[in-house]
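# Chains, contacts and geometry: an overview
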Amino acid sequence: EKSLMETVNNLVNEELWEADSAGESNVLSSSVQVFLHIKKSLKRCSLLTKGQTLFDLSSSFKKVLQAYSARLISRLPRNTSSNRSITMTMANTTSSDWHVKFDDKEENVVCLIINTAEYCYETVDSLGQSIAKILDKPFCNQMDMSQAEDDFSGVITTALSTLVLGLETRVDQALGEMIKINWATLDLVGDQSEYVNSFSSVLADSIPRLGSLLAPNNFRFMCDKFTASFIPRFYSTIYKCKSLSDSGTQQLLLDAQAIRTLLLDIPSLGNHSLPPSYSRTVTQEMSRAENLLKVILSPPDTILSNFLALMPITAAQEMPQILELKGLKREESQQVLLEMKRRNIIVDDSAVPTSGRREGKVNLPNLTKGRETLAKFDKFKMQFQGKINSINTKGSLKKLQSKFNF
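Residues numbered from 1 in each chain as written. Predicted model: local features only at pLDDT ≥ 70, side-chain atom pairs only at ≥ 80, totals over all residues. Heavy atoms only, no water.

## Things to note about the overall build of the protein
The secondary structure content of the protein amounts to 15 helices and zero strands. The buried share of the protein, taken over its 406 residues, is 51%. Restricting to contacts in the protein with at least 6 residues of sequence separation, those with at least 24 account for 80%. As displayed, the protein has an accessible area near 18900 Å², and 49% of this comes from carbon and sulfur atoms. (Helix = DSSP H or I, 4+ residues; strand = E, 2+ residues; numbered from the N terminus. Buried < 20%, exposed > 50% of the residue type's maximum accessible area, 1.4 Å probe, protein only. Contact = heavy atoms within 4.5 Å. Areas by Shrake-Rupley, 256 points an atom, 1.4 Å probe, with all protein chains shown as cover.)

Encoded structure:
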């Protein structure tokens, strides 16, 4: 075990963090070498014993693989706060602690780590089956490599979340530009705003590259997590625009429709096909932002009826902010809110302002409900989605794995 641990440390320390120089696959060469050393140790031991000693050696293999998975995670770029669990909660924060900034080279490294972890996941399964066949009873029935599989599954999830954070960091500048526009004084509606162009440029630069480096299942996971994170942030940013003229609202509505189109084009931009559920989800969730803007565009005497027709009843507590964005007079706002209270649409008296500017927290849409299973690549999902099913890497990875017929 000590010798294998030293070997792993040396391999990682010498790793160039580039694709396998032999060009056989898009994985790190250290992963190939780790399994070569495990194969040699297994072969030597199995010639001498197939009982307790070999079973104990398999436990050492698990520790070695766990150490290697930990080294892969430690190589990932980190955000300012070193907190990796905030991907889905960024819409409610004005802090940039979650930002993860890395260049194209580092982005390639993250993708290599994802591909390497997936290769290790699949090879660990083969390793466990082979050891079980060699072991004598009762040890063969006790053979279990599921923890090692879970470790590499965790690497994939963490690395994909890092990619999403990196992409979110880049588009955050576009949302910052959106807030800086004086929407209250905008009197003309033109082409999509410059911040939408910035958003489009980020996608055009990153998505084709990520699509070429990631397997289809990983690309889908990244797209799902990105849209589940970005759309509520866009929705929240609308409320940060303070006050909107009718022309400003119309421009924002045009921009929202342009952003929806850009999000729907991500699969083709990455040269992948995603299931229809992706398009349905994007359209459904972006329509919430579009409907919000349509409500703001309503005349004062129809704003409540349009709100009830277009917005979910759970958004009732957002009405004070909506009226504020529209710039209604206090008396007009009170009239709308009192009518909502009379109908029992809102029951909180604090939602009905008596004077001054009301500050409130926006109730953001829950985009993660029903998709919480995307938060982790569990063992079942990895097996269900196939063995390394990337069109570009399937053959080469299979060839690579054929080396390890343990």
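The discussion continues.
## Overview of helix 1 (residues 2–13)
Look at helix 1: 16 Å from first C-alpha to last across 12 residues, which is about the 16 Å you get at 1.5 Å a residue. Among the residues making up helix 1, those that are buried are Leu4, Thr7, Val8, Leu11 and Val12. Along the axis of helix 1, the buried residues cluster in a sector spanning 125°; they form a single face. Residues Lys2, Ser3 and Asn13 are exposed on helix 1 and point more than 90 degrees away from its buried face. Tucked into the core, helix 1 has its buried residues touching helix 2 (29–48) and helix 3 (52–74). (Expected span 1.5 Å × (residues − 1). Arc of directions from axis to C-beta.)

## Re the nonpolar core
Counting 111 residues, the largest nonpolar core has Phe234 and Leu263 as the members making the most contacts within it. In this structure, phenylalanine 234 is in contact with Leu175, Met178, Tyr195, Ala256, Ile259, Met286 and Ala289, ignoring residues within four places of it in sequence. (Core = buried A, V, L, I, M, F, W, Y, C linked by side-chain atoms within 4.5 Å.)

## Structural notes on the packing of aromatic side chains
Any two aromatic rings considered together are summarised by their centre-to-centre distance and by the angle between their planes. Summed over all chains, the structure comprises seven aromatic pairs. Ring geometry for phenylalanine 230 against phenylalanine 234: centres 6.4 Å apart, planes inclined by 25°, an arrangement best described as stacked. Placement of the pair is phenylalanine 230 and phenylalanine 234 together in helix 7 (residues 216–239), with a separation of four residues, close to one helical turn. When its relative accessible area of 1% is taken as the criterion, phenylalanine 230 is described as buried. (Phe/Tyr/Trp six-rings, centres within 6.5 Å; stacked < 30°, edge-to-face > 60°.)

## A short note on the packing of helix 1 against helix 3
Axis separation between helix 1 and helix 3 bottoms out at 10 Å; the angle between their running directions is 20°. Judged on the interaxial angle alone, helix 3 and helix 1 are roughly parallel. When you trace helix 1 past helix 3, the crossing you get is right-handed. Taken together, the residues of helix 3 that come into contact with helix 1 (itself represented by Leu4, Met5, Val8, Asn9, Val12 and Asn13) are Phe61, Lys63, Val64, Ala67, Tyr68 and Arg71. For the contact of helix 1 with helix 3, the class distribution of residues is eight nonpolar, two polar and two charged. (Axes fitted to C-alpha atoms, helices over the stretch in contact; angles between N-to-C directions. Parallel < 35°, antiparallel > 145°, perpendicular 65-115°, else oblique. Left-handed = near helix turned anticlockwise from the far one by under 90°. Nonpolar A, V, L, I, M, F, W, Y, C, P; charged D, E, K, R; others polar.)

## Brief notes about the packing of helix 3 against helix 5 (residues 146–180)
Running from N to C, helix 3 and helix 5 point in directions that differ by 5°, and their axes come no closer than 9 Å. The angle between helix 3 and helix 5 places the two elements in the roughly parallel class. Residue-level inspection shows Leu65, Gln66, Tyr68, Ser69, Leu72 and Ile73 of helix 3 in contact with helix 5, the latter providing Ala148, Asp151, Phe152, Val155 and Thr158.

## A word on unusual backbone geometry
Even without a glycine there, the phi angle at tryptophan 17 is positive, about 55°. With respect to the secondary-structure elements, tryptophan 17 resides in the loop between helix 1 and helix 2. We classify tryptophan 17 as buried; its relative accessible area is 14%.

## Re the side chain of serine 298
Examined against the element boundaries, serine 298 turns out to sit in the loop between helix 10 (276–297) and helix 11 (303–310). At a separation of 2.7 Å, a polar atom in the side chain of serine 298 contacts the side chain of asparagine 306. If we ignore the near neighbours within four places in the chain, the residues touching serine 298 are Ile303, Asn306 and Lys326. (Polar contact = N/O pair within 3.5 Å; in protein donor to acceptor, adjacent residues only side chain to side chain.)

## Some remarks on the side chain of threonine 249
Residue placement: threonine 249 occurs in helix 8 (residues 246–264). Note on threonine 249: relative accessible area 0%, which makes it buried. Each residue touching threonine 249, except ones within four places of it in the same chain, is listed here: Leu244, Leu293, Ile296 and Leu297.

## Some remarks on the environment of asparagine 217
Along the chain, asparagine 217 falls in helix 7. Judged by relative accessible area, asparagine 217 falls into the buried class, the value being 5%.

## Details of the pattern of salt bridges
With the rule as written, the count across this model stands at 13 salt bridges. The closest approach of N and O atoms between aspartate 172 and arginine 233, which form a salt bridge, is 2.1 Å. Here aspartate 172, found in helix 5, pairs with arginine 233, found in helix 7; they are 61 residues apart in sequence, far enough to count as distant. Linking lysine 326 and aspartate 246 is a salt bridge whose minimum nitrogen-to-oxygen distance equals 3.9 Å. (Salt bridge = Lys/Arg side-chain N within 4 Å of Asp/Glu carboxyl O.)

## Concerning the confidence of the model for the protein
Close inspection of predicted coordinates is inappropriate in any region flagged by low pLDDT. For the protein, mean pLDDT is 82; residues scoring 70 or higher make up 78% of the total. When the elements of the protein are averaged for pLDDT, helix 14 (residues 379–384) gives the smallest value, 37, and helix 8 the largest, 97. Within the model, the stretch residues 83–89 combines pLDDT values under 50 with 17 contacts to residues more than four positions away or in other chains. Segment residues 355–394: pLDDT under 50, and 84 contacts once partners within four positions in sequence are set aside and those in other chains are kept. (pLDDT = per-residue confidence, 0-100.)

## Digging into the environment of isoleucine 259
Relative to the helices and strands, isoleucine 259 resides in helix 8. Exposure remark for isoleucine 259: the relative accessible area of 1% places this residue in the buried category. For isoleucine 259 and valine 196, which are 63 residues apart along the polypeptide, the C-alpha to C-alpha distance reads 6.9 Å. Apart from the residues lying within four places of it in its own chain, the contact partners of isoleucine 259 are Tyr195, Val196, Phe199, Phe230, Phe234 and Met286.

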